[in-house]
Amino acid sequence: MFKKAVEAKSHQRLSGADRKKLKRTVRDRFPAASDADIDALFPPKAEITVAKFQNRVHVYAVEGGFPMFFDVDGRGTEIYPTVFALWKVPDLLPVFMLKGGEVSRFIIGGADLMFPGISVPVEGLPSFLAGETWAVKVPGNPAPIAVGATTMSSTEALKAGLRGKALRITHHYHDILWQVLLEVESVEGHYVPNAGFFEDVVFEDPALLQSGQASDSCEGSTDVSNGQRNGDDNIEVGENVDVTDVFDEANHASSSSKQIDVDNATAEEIIGGVGDLKVTDNVLSEDLNVQHTLSTEDVDALLDKCLLQALHTTIKDKDLPMPGSTLWANHVLPCRPSGITLDIKKSSHKKLSKWLQAKSSMGLISVKEDKYKKEVMLLSVNRNNVEYSSFKPEKRQVEKNDQISDRAANESRSNKVLDVAEIYKPSVHVNPIFASVGADTGNLYSASEATDIVFKYVEKENLVKPTDRSIVVLDPILCDALFKGAIKKGSRYPTEIHKKDLGAAFISRMQPHHIVTRGSESVVRKGALKAIQILTERRQGNKKVTKLSGMESFLIDAEALASELQKKFACSTSVTELPGKKGHEVLVQGGVIDDLAKHLIEQYGIPKRYIEVLDKTRR
């Protein structure tokens, strides 16, 4: 699930109603969770954010903290807790225990869990159904390392002799969700959730984990000398290693150091004790201490510098308005110096919204709070401001990233080029005409190609009236093709037809299809192409909402479009399934019916004839 990096389309806070809905979903899906467990995962007064990714995955987190749950399809039907959540509430899920720590290296490497790797209890294999959510643990370590869904029931597993795949892993320790979102959420330092329970379990600094210079508390094999591993994945044992026990942060300063001689230790001994050990790097520890000593004034200055760097290099006027969370995650954070963690909570402003409003009062930027999402939106940048003009941006990698993103945006726009064509398939009525001229009745034809077929038949059978070259005389085959079944009983069949009416009459007897092409993607569907419907109506409180449906016919993803409209119109959007129909409906807060239609025409190339507009608020 999180093997490859995927860009987040949007970051936003959940409304009160959505927070309640999320908690209900978690309670329903994980009945073992008590109210105290839910409060531990989602504190009552804490804001909850959702990050929506291009692969439809939604990740839910406490604002400023670790991600707690992720939804595979964004619909709430396949929601899983993260490893972080299982550290806080270890009894949230039933657990498969591995036979040994050596198996964990494969799980952390991205492999699914196989039945031969599971330690079956003395009382026998526990009962489970296919599709249930289970966690994975290593012997001697109470912290789960992975979560996934069962591929078969326990009855089926016993029939198969406990062979094959047991658990399809959706998220594991040290995958992309672990590494990337820690940085996005500005997590720094050591984090020991529920330290009283996990006082012997190591939770490494995310920065150390990402650099590959710290030990993995859950992996089956660990680098314990100079961080080197040979081609056979054997452990190289060198000199003595400094190790420390990790306790609660309040007692971290008083934790004692230990010296362990691992010269002759076997892999099994190292794995067995890995839950009690932590390898430290002196250089990295010194760097972290430097970060922790940053004063509030230093953090404020660093924030301002990163913002100005972003305004000069990555933020373009065409991207505005922009949500504050997007500004922070995609522009401000990437501009911070290498090795420095930027945390808004350690500044004098404490909150992102207050910091942006402070910069707005100074005239550098213009912001506005979205009353629906309760999020500050960046509306414009005052590039004539003294602070802006006096700042000299650094030539850093971020500029190259900006060029890459611009190129990707241009490629994305080129992929939005739309080509719509109406095509037709021969029906039983016109099949004899196609067969007579040697045309394939299984192919699809454009209107002009189908017209050429019927006129080719007219020329072959010499059906043009000699006295009037604009009239075609109907023989029995052509007459049946055009009128059989369409003429009422008792009525006389026509004996001739004008040439200008022949093509349209012939096409009307064929099966309509349409082909839609956007970039490299193309699809052929039966029937006539249906138009996009845009509707504006009033809701309770005299508020306008705009509904959009039918975008799938033009190869437009509803989730991606909703995210795009949210940024363009600086308003709240949502996506729901159409009841009883295939497809989705995008709901946009506000009366943006004209602007929305214009956006579809200009950005997606939708022809005007395929857009139906109805404004109920003007009645």
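Per chain, the residues get numbers from 1 upward, laid out in the order the sequence is written. Totals for whole chains, interfaces and linings use every residue, but because this is a predicted model, local features are given only for residues with pLDDT of at least 70 and side-chain atom pairs only at 80 or more, for both listing and counting. In computing side-chain properties, one takes all heavy atoms of the structure into account and sets aside hydrogens as well as water.

- Looking at an unreviewed UniProt entry, one finds the protein named SUI1 domain-containing protein, with Quercus lobata as its source organism.

1. Things to note about the pairing of strand β16 (residues 418-425)
Within a regular strand, the side chains alternate between the two sheet faces.
Part 1 of the argument: For β16 and strand β20 (residues 511-518), the ladder comprises eight bridges, and the chain directions are antiparallel. Along β20, the bridge assignment pairs Asp 419 with Thr 517.
Part 2 of the argument: Strand pairing follows a simple DSSP-based rule, namely that at least 2 bridges must link the two strands. Under the DSSP-based scheme used, a helix requires at least four consecutive residues in state H or I and a strand at least two consecutive residues in state E, with every element numbered from the N terminus. Strand direction decides the pairing type here: β16 and strand β17 (residues 445-446), joined by two bridges, are antiparallel. Among the inter-strand pairings, Tyr 424 is bridged to a residue of β17, identified as Tyr 445.

2. Considerations on empty space enclosed by the protein
Part 1 of the argument: Put plainly, a pocket is an open set of points on a 1 Å grid over the protein atoms alone with protein on both sides within 12 Å along at least five of seven lines, a cavity is a set where a 1.4 Å probe fits but cannot get out, and a lining residue has an atom within 4 Å of a point. Grid points are joined across faces, edges and corners, and a volume is the space filled by probe spheres set on the points. Tallied over the entire structure, the rule returns four cavities of 30 Å³ or more.
Part 2 of the argument: Put simply, the second largest cavity is a space of about 80 Å³.
Part 3 of the argument: Broken down by element, the lining of the second largest cavity gets its largest block of residues, four residues, from helix α19 (residues 558-569).
Part 4 of the argument: Here the term charged refers only to Asp, Glu, Lys and Arg, the term nonpolar to Ala, Val, Leu, Ile, Met, Phe, Trp, Tyr, Cys and Pro, and the term polar to all other amino acids, Gly among them. Of the residues that constitute the lining of the second largest cavity, the class distribution is two nonpolar, six polar and three charged.
Part 5 of the argument: Where each domain starts and ends comes from a domain assignment, either automatic or drawn from a database. When residues of the lining of the second largest cavity are assigned to domains, at least three fall in each of domain 1 (8-207) and domain 4 (530-615).

3. Things to note about unusual backbone geometry
Apart from glycine, the bulk of residues carry a negative phi angle, and the bulk of peptide bonds sit in the trans form.
Part 1 of the argument: Although it is not a glycine, Leu 555 adopts a positive phi angle of roughly 60°.
Part 2 of the argument: Within the secondary structure layout, Leu 555 lies in the loop between β23 (543-549) and α19.
Part 3 of the argument: Per-residue accessibility, obtained with a 1.4 Å probe over protein chains only, is compared with the maximum for each type, and a residue is labelled buried under 20%, exposed over 50%, and partly exposed between these values. Classification of Leu 555 as buried rests on a relative accessible area of 17%.
Part 4 of the argument: The phi torsion at Ala 570 lies on the positive side, around 50°, for a residue other than glycine.

4. Notes on the state of the cysteines
Part 1 of the argument: Criterion for a disulfide: a pair of cysteine sulfur atoms within 2.5 Å. Considering all chains together, one arrives at zero disulfides under this definition.
Part 2 of the argument: In this structure Cys 306 is a free cysteine whose sulfur lies 6.3 Å from that of Cys 335, the closest cysteine sulfur available.

5. Observations regarding the nonpolar core
Inside soluble globular proteins, nonpolar side chains tend to come together where they are buried.
Part 1 of the argument: By size, the foremost hydrophobic cluster in this structure holds 33 residues, and its most contacted members are Leu 22, Val 26, Leu 41, Phe 42, Phe 69, Phe 70 and Leu 92.
Part 2 of the argument: Listed by contribution, the elements that provide at least two residues to this core are α1 (16-29), α2 (35-41), β2 (48-53), β3 (58-62), β4 (67-71), β5 (79-81), α3 (83-88) and β9 (141-150).
Part 3 of the argument: Throughout, nonpolar core names a set of buried Ala, Val, Leu, Ile, Met, Phe, Trp, Tyr and Cys residues whose side chains join them through atoms within 4.5 Å. In this structure, Leu 302, Cys 306, Ile 344 and Trp 355 belong to the second largest nonpolar core, which totals 29 residues.

6. Description of the sheet that holds β20
Part 1 of the argument: Pairing in this open sheet of four strands is antiparallel, and the strands run β17-β16-β20-β21 from one edge to the other. The strands lining the two open edges of the sheet, one partner per strand, are β17 and β21 (521-526).

7. Observations concerning helix α20 (residues 593-604)
Part 1 of the argument: Any helix carries an expected span of 1.5 Å times its number of residues minus one. End to end, α20 covers 16 Å across 12 residues, agreeing with the expected 16 Å (1.5 Å per residue, within 8%).
Part 2 of the argument: All of the buried residues in α20 are Ile 593, Leu 596, Ala 597, His 599, Leu 600 and Tyr 604. One side of α20 holds all its buried residues, which, seen down the axis, span an arc of 155°.
Part 3 of the argument: Those residues of α20 that are buried lie in contact with β16, β20, β22 (532-539), β23, α19 and β26 (611-615). Taken from the helix axis, the directions to the C-beta atoms give the arc we talk about. By definition in these notes, contact holds between two residues if any of their heavy atoms fall within 4.5 Å.

8. Examining the layout of surface pockets
Part 1 of the argument: By volume, the second largest pocket amounts to about 1,200 Å³.
Part 2 of the argument: Of all the secondary structure elements, the ones that give two or more residues to the lining of the second largest pocket are β1 (8-13), α1, β2, β3, β23, β24 (573-577) and β25 (584-589).
Part 3 of the argument: Structurally, the lining of the second largest pocket is a two-domain feature, drawing no fewer than three residues from each of domain 1 (8-207) and domain 4 (530-615).

9. Some remarks on α1
Part 1 of the argument: The end-to-end C-alpha separation of α1 is 20 Å, in line with the 20 Å expected for 14 residues at 1.5 Å each.
Part 2 of the argument: Residues of α1 that are buried: Arg 19, Leu 22, Lys 23 and Val 26. One side of α1 holds all its buried residues, which, seen down the axis, span an arc of 95°. Seen from the open side of α1, the exposed residues pointing more than 90 degrees away from its buried face are Ala 17, Lys 20, Lys 21 and Asp 28.
Part 3 of the argument: Contacts made by the buried residues of α1 are with α2, β2, β3, β4 and β5.

10. Considerations on the pattern of salt bridges
For side chains of opposite charge, pairing can occur when their charged atoms come near one another.
Part 1 of the argument: We define a salt bridge as a contact between a side-chain nitrogen of Lys or Arg and a carboxyl oxygen of Asp or Glu at a distance within 4 Å. Under the definition given, this model contains 12 salt bridges.
Part 2 of the argument: Between Glu 394 and Lys 305 there is a salt bridge, with its nearest N and O atoms 2.9 Å apart. With Glu 394 in the loop between α13 (386-390) and α14 (397-414) and Lys 305 in helix α10 (residues 296-313), this residue pair connects regions lying 89 residues apart in the sequence.
Part 3 of the argument: The structure contains a network of salt bridges with shared partners spanning Asp 304, Lys 359 and Glu 387.

11. Some points on the sheet that holds β23
Part 1 of the argument: Overall, mixed pairing links the five strands, which are arranged β24-β25-β23-β22-β26 in an open sheet. Strand pairing shows two members of the sheet lacking a second neighbour, β24 and β26, which therefore form its edges. Strand-to-strand twist of the sheet, defined as the mean angle between neighbouring strand axes without regard to direction, takes the value 20°.
Part 2 of the argument: Pairing analysis gives five bridges linking β22 to β26, with the strands arranged parallel. Paired with Ile 532 across the bridge in β26 is Ile 611.
Part 3 of the argument: The strands touched by α20 within the sheet are β22, β23 and β26, with β26 carrying the most contacts at an inclination of about 170°. For helices, the fitted axis covers only the stretch in contact; all axes are lines through C-alpha atoms, and the angles between them, taken along N-to-C directions, range from 0 to 180 degrees.

12. Some points on the packing of aromatic side chains
Part 1 of the argument: In summary, the pairing rule links any two rings of Phe, Tyr or Trp, Trp by its six-membered ring, whose centres are within 6.5 Å, and it sorts them by plane angle into stacked for under 30 degrees, edge-to-face for over 60 and tilted for everything else. As enumerated under the stated definition, the model contains 12 aromatic pairs in all.
Part 2 of the argument: Aromatic side chains Phe 30 and Phe 69 sit 5.9 Å apart centroid to centroid with 35° between the ring planes, which places their arrangement in the tilted category. Note that Phe 30 is positioned in the loop between α1 and α2 and Phe 69 in strand β4, a separation of 39 residues in sequence. There is no split in this pair, since Phe 30 and Phe 69 are both buried.

13. Structural notes on the side chain of His 58
Part 1 of the argument: Position of His 58 relative to the elements: it lies in strand β3.
Part 2 of the argument: Judged by relative accessible area, which is 6%, His 58 ranks as buried.
Part 3 of the argument: Setting aside its immediate chain neighbours within four residues, His 58 contacts Val 50, Ala 51, Lys 52, Phe 69, Phe 70, Asp 71, Gly 74 and Glu 559.

14. What about the environment of Gly 148?
Part 1 of the argument: Take Gly 148: it is sitting in strand β9.
Part 2 of the argument: Linking Gly 148 and His 171, residues 23 residues apart in sequence, is a C-alpha distance of 6.8 Å.

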